[in-house]
Protein chains: 2
Amino acid sequence: MSLPAASLSSKAERTRDRILEVALELFREKGYEATTMRIIAAAAGVSLGSSYYYFPSKEHLVQGFYEGMHVGLVEATREALATERDLKARLRLVMRARLDVVAPYHVVSGSLFRTAADPHSPLSPFSEASGPTRRESIAFLKEVVEGSDARIPKDVAPTLPHLLWLYELGLVLFWVHDRSPGQKRSYDLADDSVDAIVRLLALAHLPVLRTVRRQILKWVSTIVAEGPGAEDIDA
Amino acid sequence: MSLPAASLSSKAERTRDRILEVALELFREKGYEATTMRIIAAAAGVSLGSSYYYFPSKEHLVQGFYEGMHVGLVEATREALATERDLKARLRLVMRARLDVVAPYHVVSGSLFRTAADPHSPLSPFSEASGPTRRESIAFLKEVVEGSDARIPKDVAPTLPHLLWLYELGLVLFWVHDRSPGQKRSYDLADDSVDAIVRLLALAHLPVLRTVRRQILKWVSTIVAEGPGAEDIDA
DNA sequence: GTCTATAACCGGATAGAC
DNA sequence: GTCTATCCGGTTATAGAC
């Protein structure tokens, strides 16, 4: 989807793209379960067997979805991030945009994310296969922080993007479960939790908080170092 | 499983129990996917159709698992909790016991918890069907706190058990993904995060933290009020 | 009405011919 | 690279036994 567009045969590539495109549309329209591989194949004008030639499993069709969501977030926030310098405002607009971008998929999100919970699945956010997207997301959050005028304590700075990535994951997890109209609660939670995060960051330098700060940094490192390898930590 | 043991016919009940027992054992031995309903039925000495008479779906077999895990935790900690009064020690032993109790199921946990991520699934920790177990867990954590000699700020007290429940959920989620030998990282994380939590609680009364404290309480309420109904909040 | 069994359906995945 | 035929397992329909 965001691969170097050259080098691969064109007929095959168009077939592949068509299958993926059709599949994502059907997922959104009818849901993940209701969209059978047979229907996808038919809609894309290929046989069932051919679909499996391009995508080894139904799950693999969902990887394209994730990458799309990340690209969508970057595009949706580029303009606003270019001018805004206040950290709280930056984080808030990013998290709100995150929710906006995934919004059309809320109905399906349950069954879509279902697979993501399984660590053995390539769709797990911690998996090898998700590595590229994960690293891109963390790098993006790093920019969100560094582009602000906030002063972040030296020891917190390297871990902060990872912490924010975990936080974003949690927010989306909440959103998946959020049945309030328009997922209003998720937006409220985003606002409230961003407030708390920024305030905590502002207080982080206080001597009383030195020990907790270290403790928290320690366990965030533990969490983020988790996964297929230690490569995550220096993304 | 923890129902009033009377009132239902005994032959049927024994059949039901046998199916469940056999299923859990097979899940642990061979994994969730590899254990087919046909195998379960055969091992329990009934026909496939009969299994479906007792358990409407394969997922429903997993509900018994959850309840078992909760009962296991309570039993594993009863003795130690009876004498220990220090909050940090109490929380630490509870969280370590939580990991001990689920340990035999680590290999399977991925596919087992997979379904739990789907909000539409009865296996979701936030679902109606999980309500009883969820409320029991929160009530248990309330006792863990109240049985300690720690002084908890008045405004924090009612929300704390819910916060701890979310925290426990997160810990287990991490454990599911933890591939370190013996899941050592999960135990480390439990220790470190309990330290941080207890320290934060001790500092919570400080005037500088008043605003953050309120903000955090607010969004924890938002999260926990989420789900099938508002009944969660007064469990 | 409670329980059990057999046969079939449906959809994800695979084999192998062309 | 594309197809058809088939497998396999969760689930359902339904008939009948106790």
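Residues numbered from 1 in each chain as written. Chains lettered and ligands numbered in written order. Predicted model: local features only at pLDDT ≥ 70, side-chain atom pairs only at ≥ 80, totals over all residues. Heavy atoms only, no water.

Participant: So, the protein's contact with DNA strand D: which residues are in play, and what are the values?
Facilitator: Neighbouring DNA strand D are 15 residues; A:Ser47, A:Ser50, A:Tyr54, B:Met37 and B:Arg38 lie closest to it. Of all atoms in DNA strand D that approach within 4 Å of the protein, 59% are sugar or phosphate atoms. One of the backbone nitrogen or oxygen atoms of B:Met37 is found 2.7 Å away from a phosphate oxygen of DNA strand D. Here B:Lys58 contributes a side-chain N or O atom positioned 2.8 Å from a phosphate oxygen of DNA strand D. If you list the elements that add at least two residues to the surface near DNA strand D, you get helix H3 (48-54) of chain A together with helix H2 (37-44) and helix H3 (48-54) of chain B. For the surface near DNA strand D, the leading source of residues is H3(A), giving four residues. Residues of the surface near DNA strand D, tallied by class, amount to seven nonpolar, six polar and two charged. (Near = heavy atom within 4 Å. Polar contact = N/O pair within 3.5 Å; in protein donor to acceptor, adjacent residues only side chain to side chain. Helix = DSSP H or I, 4+ residues; strand = E, 2+ residues; numbered from the N terminus. Nonpolar A, V, L, I, M, F, W, Y, C, P; charged D, E, K, R; others polar.)

Participant: Which residues make up the packing of aromatic side chains, and what values do they have?
Facilitator: Residues and elements named next belong to chain A. Per the stated rule, a full pass over the model turns up ten aromatic pairs over all chains. The interplanar angle of 85 degrees and the centroid separation of 5.2 Å between the aromatic rings of Tyr53 and Tyr54 together place this pair among those described as edge-to-face. On the numbers, 4.7 Å between centres and 70 degrees between planes, the contact of Phe65 with Tyr105 is edge-to-face. You can see Phe65 sitting in helix H4 (residues 60-83) and its partner Tyr105 sitting in the loop between helix H5 (87-102) and helix H6 (106-114), a full 40 residues away along the chain. Look at Phe65 and you get buried, because its relative accessible area is 5%. (Phe/Tyr/Trp six-rings, centres within 6.5 Å; stacked < 30°, edge-to-face > 60°. Buried < 20%, exposed > 50% of the residue type's maximum accessible area, 1.4 Å probe, protein only.)

Participant: Go over the interface of chain A and chain B, please, and point to the residues and values.
Facilitator: Between chain A and chain B, the contact holds 43 residues from the first and 43 residues from the second. Of the roughly 3900 Å² buried at the junction of chain A and chain B (both faces included), carbon and sulfur atoms supply 61%. For the pair chain A and chain B, the number of links is two salt bridges. The partner of B:Lys218 in a salt bridge is A:Asp192, and the shortest N-O contact between them spans 3.4 Å. Our count for the contact surface shared by chain A and chain B stands at two residue pairs in polar contact (both at pLDDT 80 or more). Of all the secondary-structure elements, those providing two or more residues to the side of chain A that touches chain B are H6, helix H8 (160-177), helix H9 (184-203) and helix H10 (210-225) of chain A. (Contact = heavy atoms within 4.5 Å. Buried area = accessible area lost by both parts, 1.4 Å probe. Salt bridge = Lys/Arg side-chain N within 4 Å of Asp/Glu carboxyl O.)

Participant: Can you explain the relation of the copies chain A and chain B? Please cite residues and give values.
Facilitator: The transform that puts chain A on chain B rotates by 180 degrees and translates by 0.0 Å along the axis, for an RMSD of 0.2 Å. Such a combination of turn and shift is consistent with a two-fold rotation axis. Counting the interface residues of chain A, we find that 100% of their copies in chain B are interface residues as well, pointing to one common contact surface. (Least-squares fit on C-alpha atoms with pLDDT ≥ 70 in both.)

Participant: Tell me about the protein's contact with DNA strand C, and please be specific about residues and values.
Facilitator: As a matter of local geometry, DNA strand C sits amid 17 residues, with A:Met37, A:Arg38, B:Ala12, B:Ser47 and B:Tyr54 nearest to it. The contact atoms of DNA strand C, taken as those within 4 Å of the protein, divide so that sugar and phosphate hold 59%. At 2.9 Å from a phosphate oxygen of DNA strand C is found a side-chain nitrogen or oxygen belonging to A:Lys58. B:Tyr54 is positioned such that a nitrogen or oxygen atom in its side chain is 2.7 Å from a phosphate oxygen of DNA strand C. Of all the elements in the fold, those that place two or more residues in the surface near DNA strand C are helix H2 (37-44) and H3 of chain A together with H3 of chain B. Looking at the surface near DNA strand C element by element, the count peaks at four residues for H3(B). Residue classes in the surface near DNA strand C are distributed as seven nonpolar, seven polar and three charged.

Participant: So, the pattern of salt bridges: which residues are in play, and what are the values?
Facilitator: Charged atoms that come close allow side chains of opposite charge to pair. Counting across every chain of the model gives 16 salt bridges over all chains. A:Asp155 serves as the salt-bridge partner of A:Arg213, at 3.1 Å between the closest nitrogen and oxygen. Taken as a pair, A:Arg213 in helix H10 and A:Asp155 in the loop between helix H7 (131-146) and H8 lie far apart in primary sequence, 58 residues in all. A salt bridge links B:Arg92 to B:Asp191; the shortest N-O distance between them is 3.6 Å. Residue B:Arg92 is located in helix H5 (residues 87-102), and its partner B:Asp191 is located in helix H9 (residues 184-203); the two are separated by 99 residues in the primary sequence. Given the relative accessible area of 14%, B:Asp191 is considered buried. Residues joined by salt bridges that share partners form a network here, namely A:Lys88, A:Arg92, A:Arg96, A:Asp191 and A:Asp195.

Participant: Give me the nonpolar core: which residues, what numbers.
Facilitator: By size, the foremost hydrophobic cluster in this structure holds 126 residues, and its most contacted members are A:Leu61 and B:Leu61. In contact with A:Leu61, other than residues within four places in its own chain, are A:Ile19, A:Leu20, A:Ala23, A:Leu24, A:Phe27, A:Met37, A:Ile40 and A:Phe55. (Core = buried A, V, L, I, M, F, W, Y, C linked by side-chain atoms within 4.5 Å.)

Participant: Tell me about helix H7 (residues 131-146) of chain B, residues and numbers included.
Facilitator: For H7(B), which comprises 16 residues, the first-to-last C-alpha distance of 22 Å matches the rise-based estimate of 22 Å (1.5 Å per residue) to within 8%. Those residues of H7(B) that sit buried are B:Gly131, B:Thr133, B:Arg134, B:Ser137, B:Ile138, B:Phe140, B:Leu141, B:Val144 and B:Val145. (Expected span 1.5 Å × (residues − 1).)

Participant: With reference to specific residues and values, describe unusual backbone geometry.
Facilitator: With glycine set apart, most residues show a phi of negative sign, and most peptide bonds adopt trans. Residue and element names in this part refer to chain A. Not every positive phi belongs to a glycine, and Gln183 is a case in point at roughly 55 degrees. Within the secondary structure, Gln183 is located in the loop between H8 and H9. Taking relative accessible area as the criterion, Gln183 reaches 13% and is therefore assigned buried.

Participant: Before we move on, can you summarise H8(A) with the specific residues and values?
Facilitator: A rise of 1.5 Å per residue sets the reference length of H8(A), with its 18 residues, at 26 Å; its end C-alpha atoms lie 26 Å apart and thus fit the reference within 8%. Across the 18 residues of H8(A), 14 count as buried, placing the element largely inside the fold.

Participant: Would you mind going over the packing of H5(B) against H7(B) in detail, with residue names and values included?
Facilitator: Residues and elements named next belong to chain B. Two elements in contact, H5 and H7, have axes separated by 9 Å at closest approach and are oriented at 150 degrees. By the angle class used here, H5 and H7 are roughly antiparallel. Contacts from Leu87, Arg90, Leu91, Val94 and Met95 in H5 reach Phe140, Leu141, Glu143, Val144 and Val145 in H7. Broken down by class, the residue content of the contact of H5 with H7 amounts to eight nonpolar, no polar and two charged. (Axes fitted to C-alpha atoms, helices over the stretch in contact; angles between N-to-C directions. Parallel < 35°, antiparallel > 145°, perpendicular 65-115°, else oblique.)

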